[in-house]
Amino acid sequence: MDTTFSAPLIFLNADGLISGWSEGAERLLGWSAAEVIGQPYAKVFDDLDFFIAVDGPMDLEWLSVPAPDGGRVIAIRTMKTKQLLERFDLTMSNSEIIGTWNWNIAGDMISADSRFAKAFGLEIERARSGVPLQVLLDIIHPQDRDRVAADLARAVEVGGSYNGEFRIVRPDGTVSDVAAKGRLIDGKGRAQPRFPGVLFDITARKAAEREAFHQRERYRNLFEILETGFCVIRMIWDADGEPVDYEFLEVNKAFTRHTGIEDPIGKRMRRDVAPAHEQHWFEIYGKVAKTGEAVSFENPAAAIGDRWFQVQAFPIDGTGSDNVAVLFSDTTASKRAEIALRTSEEEFRTLSQSMLNHVWTATPDGQIDWLNDRVLDFSGLGQQELTGDRWGTIVHPEDFPAAAASWADALERQETYQAEFRVRRHDGSYRWHVVRATPVKNEEGEVRRWVGTNTDIEHAKMNEAALAELNDTLEQRIEERTQQLLQSQKALQQSQKMETIGKLTGGVAHDFNNLLQVIAGNLQLLGKDVAGNAGAEIRVKNALAGVHRGAKLASQLLAFARRQPLEPKVINVGRFIQGMGDLLHRSIGETIEIDTIIGNGLWNTSADPTQVENAILNLAINARDAMNGTGQLTIEVGNTCLDETYVAAYDDVRSGDYVLIAVSDTGTGMSRETMEQAFEPFFSTKAEGKGTGLGLSMVYGFVKQSGGHVNIYSEIGHGTTVKLYLPRAMAEEERETPHQTGAVIGGTETILVVEDDDEVRATVVATLSDLGYKVLTARDAEAGLAVIESGAEIDLLFTDVVMPGTLKSPEMVKLATTRLPGLAVLFTSGYTENSIVHGGKLDAGVELLSKPYTREALDHRIRLLLDGRRRDPAPQQPAPATVAVVPARSEPQAETGKLTVLLVEDEALIRINTCDVLEDMGHRVIEAGTAAEALKAMTDQQIDILVTDVGLPDMRGGELARKVRQIKPAVGVIFATGDSELPEGADSDAVLLMKPYSDEALHKAIAQVLPATEANTA
């Protein structure tokens, strides 16, 4: 595009319709503006890239650039313009010669050649012989005639040359443009002066010039009337060829209105107008000039009023030109509005994301265009899956027609929309929502968008439905609810009963195991003393067998109470049960057929293998007895899932994946009453002496402690199925390593035994000494830690788990292993509570030997730990040269004088033991089992200190203390209780002695109340 030759232009709006039609376009294509304005572009441009003129298709060159209003400007490079330019160039370099003339000035006659004569319509012979000058002047166009005559006269007068252009009227009436060139030749007296010359036809050149002039005028008029700003700039480059400035060559009237720049022609942008104008403007325009590629962009211009401009820039004047044409418009207002709208939109969406409700927006025609995360989380779908009209995909099919019709009606009326329908959740279920949308309107009252919310009313709908149903079937529902409450109450009572029995059996098993440990240890020592005495050896052996049976009974009690320390491993139950085939046949006999079914793709589970084996054996033996030794036993193992519906009936069962072990028999079956009591300890349907009733109790406790579930299905005469559900484990199976067996080895290492039970401690010391070990002892954790900190060389710490005092065994072990990093540790217990067992499982790295244990088991575990320590030695701390060993029992110092103590305790064993301790301290003791006995005793005797339990049969200990002080205000009061706080209403000087307490704790408590007692006595 040349700044002086404008190509025809076609203007299109954003919808592709023709909005402007220049004169050049009308001249080239033949259509008038009235015929094409408002018509689609396809009317003048087909899909084969041909322009459609009035006379048919034309193959033209064209350039399209975007306009600020979203439309396009089409500039056509016409073939005719190119031809005019080519003809102009040809005319300038090689004009056609019409003819020559020779003007005899003196005779005022002009002679010319035949071509000249023909051009002027003269007879050739006459022209050659000469005609008056006026004849030729008459042929010149009247408007040019006087000028030519004057120019010729001036040339003759001054003796110069003539070079002029004018028009002639040919004989046929046509007008041609010609150029005449001639000069005066002076005869210098030898000849007459003459004026020869040549006449050129320049009609084509003049036509091109006039066309160019008209196009330039049309071009200028077109851009002058444009509302869009327009300018032509010339790029300024530095020495490195980088754009540094530009000069304004041409601008339209709208330029100043859009930019605020006055009189820009000839000014440079950076030098004269805005020195701080951003560099990116120069780089963009420089690239257009260099590459010849048009660009369209929107940029801010802070240096000229902080404005925004929408710009189209394209090269002009051909390759190598520095000139760039720029079409632009000031978009500051719309841009600021856009930024404000975007800010408002971001604030709206941030607020919407913080809301718990579903929030969404829609376009004026009802197409969803945004949803907050609550909608996406609820539906499980993404934005693209719900926008547009795809919202209906999550509406219940039965509700969608009415919801869609109501939405269409709201769109038409442009009024608030509200409806209730079910929306699908990500899990496939549907929930009721109330959906409400409000139109947001602009100043003209037109809907700009819709803002909607979905509120979950499922519970309200359920309540509404429940109320309706309740009104219809109130009596029936009351009856059903009553039954449900009764069943829940019954289940709760059963659960509480089992829990209570569990606590009781756990406590009994703990004490029983300690007793069995004393008996077993002494029997094994006695076995060595009576070696060779056959009768005595048999008696010892029988006694040990009884201990073993007792230990088994205690183990079953602990299993039911869920207090046994499990050592779970990840196992494949199917493989595990297949390995029990021989054991099962030996246990239940060959007359019972065993059918084992293992499911494909069986999951692993985490359970104690020994307890799994015991559970299956117990169930198999029960099945054998139920079938009277003949029938079929089926053991099935498979994968299963307990869903929410199933577990809703149980308080202690979680939904999820389980490994199912089902043991079925063809026996006599059970009644409902029997099944309800089947898991209770010591309940049995067998004849007296045929069973303890602990088999199913042990199974129940083990499964529950393992996080599983157990259930019984049975009918009288149709057999029984017991189903065990063990939780699925995702880890790989752990293969079992064989336990160490063999003869007793013994050793010479030093072992520290920490045990609060005097009899158990004495038995362990005797057993270890008999095995050759050096033994140190302590009666509690504090004393044990003192031995360790004394610097004694200790190879292994053997400690009970449950110890009296403030320092617990695990804490002592942690401190001990810090002091002696290479120390081996072995725990023992008959009842572990939760100190080293969590979730029913031993803590990682903990070694436990359960009571009662045999001499061989103790030796094997000790040797395993000591030998393992040698294979992986740990750095030892250097021990001091002197060793101070704490004795097993340290007596309190006699810091007090002889006092009279009233001891009130309803537990006879505790009362007897405490009485002995107080007498050993040198005090006089008055015993009482009830509050009444205590009050009677003190009326006749002087007492210094009251030591009382809080929970007495006939009165609370706190009330007894108040009555005693009313009688004898100087009495010191000690509350010996299992509670962690003084009883309500106790005096501020009373002392709390928590059970179980040691001799030292009792001594300290007496010392605490002694000063007050002495002061009062004084």
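Look above for the structure.
First, a word on scope: everything that follows refers to the structure included in this document. (Residues numbered from 1 in each chain as written. Predicted model: local features only at pLDDT ≥ 70, side-chain atom pairs only at ≥ 80, totals over all residues. Heavy atoms only, no water.)

1. A short note on the overall build of the chain
Item 1. Looking only at helices and strands, one finds 32 helices and 41 strands in the chain.
Item 2. For the chain, restricting intrachain contacts to residue pairs at least 6 apart in sequence, the fraction spanning at least 24 positions comes to 59%.
Item 3. For the chain, the accessible area works out to roughly 52,700 Å², and carbon and sulfur atoms hold 51% of it. (Helix = DSSP H or I, 4+ residues; strand = E, 2+ residues; numbered from the N terminus. Contact = heavy atoms within 4.5 Å. Areas by Shrake-Rupley, 256 points an atom, 1.4 Å probe, with all protein chains shown as cover.)

2. Overview of the sheet that holds strand β39 (residues 945-948)
Item 1. The 5 strands are arranged β38-β37-β39-β40-β41 in an open sheet whose pairing can be described as parallel. Each edge of the sheet is formed by a strand with only one pairing partner; in this case those strands are β38 (924-928) and β41 (991-994). Across the sheet, the axes of successive neighbouring strands diverge by a mean angle of 20°, strand direction being ignored.
Item 2. In terms of strand pairing, strand β37 (residues 900-904) meets β39 through 4 bridges, oriented parallel. What sits directly across from Val904, in β39, is Thr948.
Item 3. Here helix α30 (residues 931-940) sits on the sheet in contact with β37 and β38, set at roughly 160° to β37.
Item 4. Sheet contacts for helix α31 (residues 957-967): β37, β39 and β40 (972-977); angle to β40, the most-contacted strand, approximately 165°. (Pairing = 2+ DSSP bridges. Axes fitted to C-alpha atoms, helices over the stretch in contact; angles between N-to-C directions.)

3. Comments concerning the nonpolar core
Item 1. Core analysis: the biggest nonpolar cluster contains 37 residues, and Leu584, Val612, Leu633 and Leu724 have the highest contact counts within it.
Item 2. Here the element with the most residues in this core is helix α21 (residues 609-626); it accounts for 7 residues.
Item 3. Filtering out sequence-adjacent residues up to four positions away, Val612 remains in contact with Ile571, Phe576, Ala607, Phe702 and Leu726.
Item 4. Grouped together as the second largest cluster of nonpolar side chains are 28 residues, Ile139, Ile140, Val148 and Val178 included. (Core = buried A, V, L, I, M, F, W, Y, C linked by side-chain atoms within 4.5 Å. Buried < 20%, exposed > 50% of the residue type's maximum accessible area, 1.4 Å probe, protein only.)

4. Let's talk about the pattern of salt bridges
Item 1. Tallied over the entire structure, the rule returns 29 salt bridges.
Item 2. Of the charged contacts, one joins Arg863 and Glu749 as a salt bridge, the two residues approaching to 3.1 Å between their closest N and O atoms. Linking Arg863 in helix α28 (residues 855-871) with Glu749 in the loop between β29 (720-729) and β30 (750-754), this pair joins segments that are 114 residues apart in sequence.
Item 3. With relative accessibility at 6%, the residue Arg863 sits in the buried group.
Item 4. The structure contains a network of salt bridges with shared partners spanning Asp144, Arg147 and Arg167. (Salt bridge = Lys/Arg side-chain N within 4 Å of Asp/Glu carboxyl O.)

5. A look at helix α15 (residues 400-413)
Item 1. Under the 1.5 Å per step criterion, the end-to-end length of α15 is 20 Å for 14 residues, consistent within 8% with the ideal 20 Å.
Item 2. Of all the positions in α15, only Ala403, Trp407 and Ala410 are classed as buried. Each buried residue of α15 sits inside an arc of 60° when the element is viewed along its axis, so together they form one side. Of the residues in α15, the exposed ones pointing more than 90 degrees away from the buried face are Pro401, Ala402 and Glu412.
Item 3. For α15, the elements touching its buried residues are β18 (358-362), β20 (417-424), β21 (430-441) and β22 (447-456). (Expected span 1.5 Å × (residues − 1). Arc of directions from axis to C-beta.)

6. Considerations on the packing of aromatic side chains
Item 1. Inspection of every chain in the model, using the stated rule, returns 21 aromatic pairs.
Item 2. With a centroid separation of 5.6 Å and 75° between ring planes, the pair formed by Tyr246 and Tyr285 is classed as edge-to-face. Placement of Tyr246 in strand β14 (residues 243-251) and of Tyr285 in helix α11 (residues 279-291) is noted, with a sequence separation of 39 residues between them.
Item 3. Residue class for Tyr246 comes out buried when judged on its relative accessible area of 5%.
Item 4. Here the guanidinium or amino end of Lys335 rests over the ring plane of Trp308, the centre of that ring lying 4.6 Å away.
Item 5. Between the NZ or CZ atom of Lys723 and the centre of the ring of Tyr713, over which it lies, the distance is 4.9 Å. (Phe/Tyr/Trp six-rings, centres within 6.5 Å; stacked < 30°, edge-to-face > 60°. Lys NZ or Arg CZ within 6 Å of the ring centre and 35° of its normal.)

7. A look at the side chain of Asp144
Item 1. Among the secondary structure elements, Asp144 is positioned in helix α7 (residues 142-158).
Item 2. Engagement of the side chain of Asp144 in a polar contact is seen with the backbone nitrogen of Arg167, the distance being 2.9 Å.
Item 3. Those residues in contact with Asp144, other than ones at most four positions away along the chain, are Phe166 and Arg167. (Polar contact = N/O pair within 3.5 Å; in protein donor to acceptor, adjacent residues only side chain to side chain.)

8. Quick word on the environment of Gly266
Item 1. For Gly266, the position within the fold is in the loop between α9 (254-259) and α10 (269-273).
Item 2. Each C-alpha atom, one on Gly266 and one on Tyr246, is 9.8 Å from the other, the two residues being 20 residues apart in sequence.
Item 3. Apart from residues lying up to four places away in sequence, Gly266 is in contact with Glu247, Phe248, Arg271 and Asp272.

9. Some points on the packing of helix α26 (residues 781-789) against helix α27 (residues 809-819)
Item 1. Put simply, α26 and α27 touch, their axes get as near as 9 Å, and they point 5° apart. Comparing the axis directions of α26 and α27 gives the class roughly parallel. Contact residues: α26 offers Ala781, Gly784, Leu785 and Ile788, while α27 offers Ser809, Met812, Leu815, Ala816 and Arg819.
Item 2. Across the contact of α26 with α27, the residue classes break down as 6 nonpolar, 2 polar and 1 charged. (Parallel < 35°, antiparallel > 145°, perpendicular 65-115°, else oblique. Nonpolar A, V, L, I, M, F, W, Y, C, P; charged D, E, K, R; others polar.)

10. As for the pairing of β20
Along a regular strand, successive side chains alternate from one face of the sheet to the other.
Item 1. The pairing of β20 with β21 spans 8 bridges and is antiparallel. Bridging from a neighbouring strand, Tyr417 pairs with Ala437 of β21.

11. Quick look at a negative patch on the surface
Item 1. Taken together, the side chains of Asp238, Asp240, Glu242 and Glu283 define an acidic patch exposed on the protein surface.
Item 2. With respect to the helices, strands and loops of the structure, Asp238 is situated in the loop between β13 (229-237) and β14.
Item 3. Judged by its relative accessible area of 31%, Asp238 falls in the partly exposed class. (Patch = residues over 30% accessible without salt bridge, like charges linked within 9 Å, V, L, I, M, F, W, Y side chains within 5 Å. Lys, Arg positive; Asp, Glu negative; His and termini not counted. Charge placed at Lys NZ, Arg CZ, Asp CG, Glu CD.)

12. Some remarks on unusual backbone geometry
Item 1. Phi is positive for Asp263, close to 45°, though the residue is something other than glycine.
Item 2. Within the secondary structure, Asp263 sits in the loop between α9 and α10.
Item 3. Even without being glycine, Asp306 reaches a positive phi, approximately 50°.
Item 4. With respect to the secondary-structure elements, Asp306 resides in the loop between β15 (295-301) and β16 (307-315).
Item 5. For Asp306, a relative accessible area of 44% gives the class partly exposed.

13. Quick look at the environment of Phe309
Item 1. Note that Phe309 resides in strand β16.
Item 2. Classification of Phe309 by relative accessible area gives buried; the value is 4%.
Item 3. Separated by 23 residues in sequence, Phe309 and Thr332 place their C-alpha atoms 6.9 Å apart.
Item 4. Those residues within four positions of Phe309 in sequence are excluded, and the remaining contacts are His258, Thr259, Trp281, Phe297, Glu298, Asn299, Ala301, Ile304, Phe328, Ser329, Asp330 and Thr331.

14. Thoughts on the side chain of Glu749
Item 1. Judged by relative accessible area, Glu749 falls into the buried class, the value being 8%.
Item 2. For Glu749, the side chain forms a polar contact with the side chain of Arg863, separated by 3.1 Å.

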